[in-house]
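# Reading the structure
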Amino acid sequence: MFLYLSKKISMPNGIKLCSLTWNSEQGWLACGGELGLLKVLKLETGAAVEGPCATAPSNLSMNQTLEGHHGMVLAVSWNQNYRKLTSSDEQGLIIVWVLHKGMWFEEMINTRESSVVRDLRWSCDGQKICIVYEDGQVLVGNVDGNRLWGKELNIQLAFVEWSPDSQFILFCTTEGTCQIHDFNGNFVAQLCMHFGVKGSTTPDIVGIDWYNGLEGHIDPGAPTLALAFLNGKLQLMRHELDEESILLDSRMANSCIKWSPDGGVLAVAGSTQRDTPSSMVQLYSSNGNHLRTLQIPGTRISAVSWEGGGLRLALAVDAYIYLANIRPEYKWAFSGNSTCVYEFKKKDRGEHSVMFWDIRTCERNCKYVNHLVAVCGGGQHSVLATLGQESEQFILILCNSIGSPVDSKYIKLEPLFLAMNSHYVFVASENSVYAWEYQTTGIHSAPGVRQIVQTAEGAAERTFHIDGQLHSDPDLQDDTNECMDHICCICCSETILMVARESGIVHRYSLPMLTLETKDLLHCRPQVMELNCNSTRLSVIDMNAVLSFYDLNTQASDTNEQRIETSYDCKKVLDFERKDVWNMKWADDNPDLLAVMEKTRMYILRGTDPEEPVSSSAYLCSFHDLQIQAVQLDEVMQQPEQPGKQHVFSHETKTVRDMQQMLRAVDIQDAYSYIEEHSHPRLWISLANHALEKLDLSFTEKAFVKCKSYYGVQFVKSLHILKDKFKQKAEVCVYFKRFDEAEQIYLDMDRSDLAVALRVKLGDWFLVEKLIQNGAGDDLLLELTWNNIGDYFADRKNWSKAATYFAKAENPDKLADCYYALENWGALAKLMDTIHDGSPLLLSIAKKFASVGICKQAMIGFVRGGQTEMAIDCCMELNHWDKAVKLAKKHDCENIVESAIMKYTKYLLQSGNLLHAVDVYRKGGQHLNAAKVLNQLARQMAAKKASPLEVKKFYVLAALEVEAYRASILTSQAHMSHSKPLLGKTAAATTLEGLIQHDAATSMERSLENAWHGAEAYHLWLLAHRELYAGHFDQAMKAAWWLRDYEDVLEIADIYSLIALTSFYSKHYAECSKAFIKLESLMNIPEKRQKVYAQLALSIFMQFSPVSLCKTSSRTCRSCFSPVQVLLIPNAHYKFQPSIFLV
């Protein structure tokens, strides 16, 4: 992180400032000071600061002085939700200001002259404001100005703060204590202070700030509540009752503190009283790590505030406002030629989001990881360092350009510093270094480079202590050998690893053997280091943002020495120093070129000489071919999920710009001479391109030879073969990818065939179609064009347009695929009708129909394609057994279907799926087997005492299947009699033969001899019960009496019990007595039950004599309309009449 002053705003008449606050949403900056000074400022935004080289705006677009206060303005606070400003002075006057037509006006005024307002704060939702007075008076009001409650705390108050959820209020006193109250003012607890010494008073509190959490949390376990004390102590707490606070010492007299808008950085302002008084601002991370210190001119900083984006600080120092720009240390990296990897947070997700963004194609891939610690890039890959699930465990995840994990390692070292090249990943903690040679597929090293660190055990991982020996144990921890001189940064190239320590000593290790070559001494405490492309120069940015160069001695050290002492082979480049540097990047093809960022300017250094600067705040990504690529991460982080090319900044070096200007102004020979003096492949390519435009093939060939472009030389040779200047010019346009211009040249030459060939070669089939319609090409080419256009739409899943072009091209194969994707089954069926029999396409279409369950069309397709067995299999797979049977009979392959039905139904019966087996038998025409299974089901249901109606239904279905079987036999015999008249059989003889076959089949299953027998039994059983419950006791007794013929279906005890019951109620005591006699004579019932029958009969017939008292009533038969006086119906035309007339 880098911090520097960017602007200074002075107050009129040298009035000193006392308060300052920055509206993070609308950008207004309010400041208050002595003599009633209150100003609202706003920095300009808009087109003036837009563009690829944009920097932070610094000019003022608003500077309004608000009049109303006469005393010192001690507190100002924004209500961002309602766009209101509240200010108070030492005389107790409180004013609420609102914006109207671009100007601020008074809305409400309140005054209390008896005491001074020490602080006021709005709640996070902007609904409430809490005002505290020095004498202990507390007022809480709403946004409309109404008072909610007031309270006297009887203590001297200094500060107030709301909790993020507005449920608690913290009151800080002048005695160094802090009380916690709820939103109604009730005391809750005393905030625990960890800096009080027993027997002494707590130091004065000078600032309190509680992060509201509106921008999410970088770390869910990070502190959000900060307190600053006058003696330089800081207390960071996770919540108001946190007993494990983080305690810090800023080593200065603190004056104020403020969290950044995202809660990741705490700004602490204060002053020191050493030789001369000086003010400074220190930045700390949310976990208490010191990030940066900035010296501020002035005697005292009275207030500090953050801009909404977290990229600037406003400081109230004496009579001035200082604006300080911040260059955050984003977790980001650049790998390969175009992949930018950066981390950001989503409010709705607890994980860290990592974006893999290709800056050339704008392809984006977002990945989510837990507890991301650091990001590093090198070669074609990047590494994500995350916190493991176990204690003191960290994970290194190697990712490719789209974020897919390639490999991972578990380590015990805390990854404070990371470095990476095309073969190695280096991780450093405070005392140890871990080296990992990662393996990736498809990557080959130059000979002699990748001979790694394979020890006797063959390990590709090594860990060593900074003062110890090399180990192959990757689980070595820091506490094995503690040291006071900690590691502060590392860097690496393909041949050297540099490890710097806080004292300035740098350990140089050679790669791939990872051998300590020498120890160099720097004259500073390095913060960032980087090696040039040939590892001859080291650039260092120290803690004060000063850039310096060190030339490295590349001579190998004596490997026989047992101990390498600190040497001075690393020589500092004298007379070179750059201040306020926060980023740098060496060119990967020139050891003398370095790009650096100084404040808001980018410099390119050739050796130690800088070129003209360019205004930019972008982060440097790559420096190749005299061109710099950088990314404006500040703008990207505002919308991190939608980075675009507008966020990429490209800049060419002065040499390239001068070369381009020279090519436009001077002769090509002079340009050739200039490039020979400043030879670089990029310059030779520029010369070759310029010569090509002029069709100067001689200089073009020379330039391609100089830059070793074999393709370019071959292209020039092909141009020599073409004698026509127009053709050469067209080929040059094609070389520069100006295809429209090349096409126009061919058309002007009246060579539309060449224009068509060009578009065909480019695969631009839409323009090919247009050219053919204008008269070029033939029908075959047009058909090819339509097919390729159809493929274009098919690749993009635009099936409707693809089908249109395939139909034009008369390509039924591709057309069938389109109809299938569109689920247009009608069109697919019509297409199948146009295809001749035996075509393989029929089978393909049939398979498509079969895959979606359309049996009819699939069967037709298989049959027409000559695959009858496949058609039968399809019908059977789709459970259309009736179609399978008909098809099998038609093609004399019934055995296939019968065998399949037998196997399938056997499986169904064994698995207990009887109803499905019945369905298969029915559709397969095997009605007799279906009837057997239904009879079996009916008997099982009856045994389980299921509903009689359900049992009856099963018997009815079984009887219907028997009837269907009988009808199928008669139909088949009749068909045979018509188809074979020479046999001399009459219709009667045929029918008789069918009946004989039926009898032979049903005789094997006794229950099928009388198919309706079971159904009749349960019908009468249900009828008797219905009549009984309806009160028709006589009819119920008659129906029950018929059940005596169905003792093989129903339980005998149940039959005679029903007869006895219905006879009793119908007063046919004689029949009732006979039924009880039958029940008492049954042998298969328990003796206890027989006794019950006997006792019941005794109790009935002791009261009623076994003589029928009721006369038989007459009813009319609904079949023959004859009177029915008895239970028998001699004149009925049906075998079983009770089931008709008693319905």
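Above this text sits the structure in question.
If you're wondering where the values come from, they're calculated on a predicted model, not measured in any experiment.

Criteria and thresholds
- Residues numbered from 1 in each chain as written.
- Predicted model: local features only at pLDDT ≥ 70, side-chain atom pairs only at ≥ 80, totals over all residues.
- Heavy atoms only, no water.
- Buried < 20%, exposed > 50% of the residue type's maximum accessible area, 1.4 Å probe, protein only.
- Helix = DSSP H or I, 4+ residues; strand = E, 2+ residues; numbered from the N terminus.
- Pairing = 2+ DSSP bridges.
- 1 Å grid on protein atoms, 1.4 Å probe; cavity = no way out; pocket = protein on both sides within 12 Å on 5 of 7 lines; lining within 4 Å.
- Points joined across faces, edges and corners; volume = space filled by probe spheres on them.
- Nonpolar A, V, L, I, M, F, W, Y, C, P; charged D, E, K, R; others polar.
- Axes fitted to C-alpha atoms, helices over the stretch in contact; angles between N-to-C directions.
- Salt bridge = Lys/Arg side-chain N within 4 Å of Asp/Glu carboxyl O.
- Phe/Tyr/Trp six-rings, centres within 6.5 Å; stacked < 30°, edge-to-face > 60°.
- Lys NZ or Arg CZ within 6 Å of the ring centre and 35° of its normal.

On to the pairing of strand β21 (residues 246-249), then. Burial along β21 is one-sided: the residues I246 and L248 are buried and none of L247 and D249 is. Here four bridges tie strand β20 (residues 233-237) to β21, and the two strands are oriented antiparallel to one another. Residue pairing across strands places K233 opposite D249, the latter belonging to β21.

The next point concerns the sheet that holds strand β48 (residues 547-551). Read from one edge of the open sheet, four strands run β46-β47-β48-β50, paired in antiparallel fashion. The strands lining the two open edges of the sheet, one partner per strand, are β46 (526-531) and β50 (571-572). Examined bridge by bridge, β46 and strand β47 (residues 537-542) share five bridges and lie antiparallel to one another. By the bridge assignment for β47, E530 is matched with S539.

Here the focus is empty space enclosed by the protein. In the structure shown here, the tally under the stated rule is one cavity of 30 Å³ or more. Taken as a whole, the largest cavity encloses approximately 40 Å³ of empty space. Taken together, H217, I218, D219, A222, P223, T224, D262, G263 and S286 make up the lining of the largest cavity. A class-by-class count of the residues in the lining of the largest cavity yields three nonpolar, four polar and two charged.

Here we take up the sheet that holds strand β6 (residues 73-79). Read across the open sheet, the four strands follow the order β6-β7-β8-β9; overall the sheet is antiparallel. In this open sheet, the two edge strands, each paired with only one partner strand, are β6 and β9 (103-111). Taking the axes of each pair of neighbouring strands and ignoring which way they run, one obtains an average angle of 20° across the sheet. Bridge count between β6 and strand β7 (residues 84-89): six bridges; the pairing is antiparallel. For W78, the partnering residue across the bridge sits in β7 and is L85.

When charged atoms on two side chains of opposite charge get close, those side chains can pair. Enumeration according to the criterion identifies 33 salt bridges in this entry. A salt bridge links E743 to R759; the shortest N-O distance between them is 2.6 Å. Here E743 is found in helix α8 (residues 739-748), whereas its partner R759 is found in helix α9 (residues 752-762), with 16 residues between them in sequence. R759 carries the same exposure label as E743, and that label is buried. Note that R966 and E963 form a salt bridge whose closest N and O atoms lie 2.6 Å from each other. Separated by three residues within a single helix, R966 and E963 lie in helix α22 (residues 948-979), roughly one turn from each other. Each member of the salt-bridge network shares a partner with another, and the members are D740, E743, R759 and D764.

Moving on: unusual backbone geometry. In this structure, P512 follows L511 across a cis peptide bond, with omega equal to 15°. Of note, L695 is a non-glycine position whose phi angle comes to about 60°, a positive value. Locating L695 in the fold gives a position in the loop between α4 (681-693) and α5 (697-706). For L695, a relative accessible area of 22% puts it in the partly exposed group.

Bringing the packing of aromatic side chains into the picture now. Taken as a whole, this structure holds 33 aromatic pairs when the rule is applied. Seen in terms of ring centroids, Y342 and F344 are 6.0 Å apart; in terms of plane orientation they differ by 40°. Their pairing is tilted. Like Y342, the residue F344 is buried in the burial classification. Aromatic side chains F1064 and Y1065 sit 5.5 Å apart centroid to centroid with 75° between the ring planes, which places their arrangement in the edge-to-face category. Exposure remark for Y1065: the relative accessible area of 43% places this residue in the partly exposed category. Among the aromatic residues, those joined into a ring-pair cluster are F704, Y711, F715, Y735 and F736. If you follow R327 out to its NZ or CZ, it ends over the ring of W582, 4.7 Å from the centre. Just above the ring of F699 sits the side chain of K702; from NZ or CZ to the centre is 5.2 Å.

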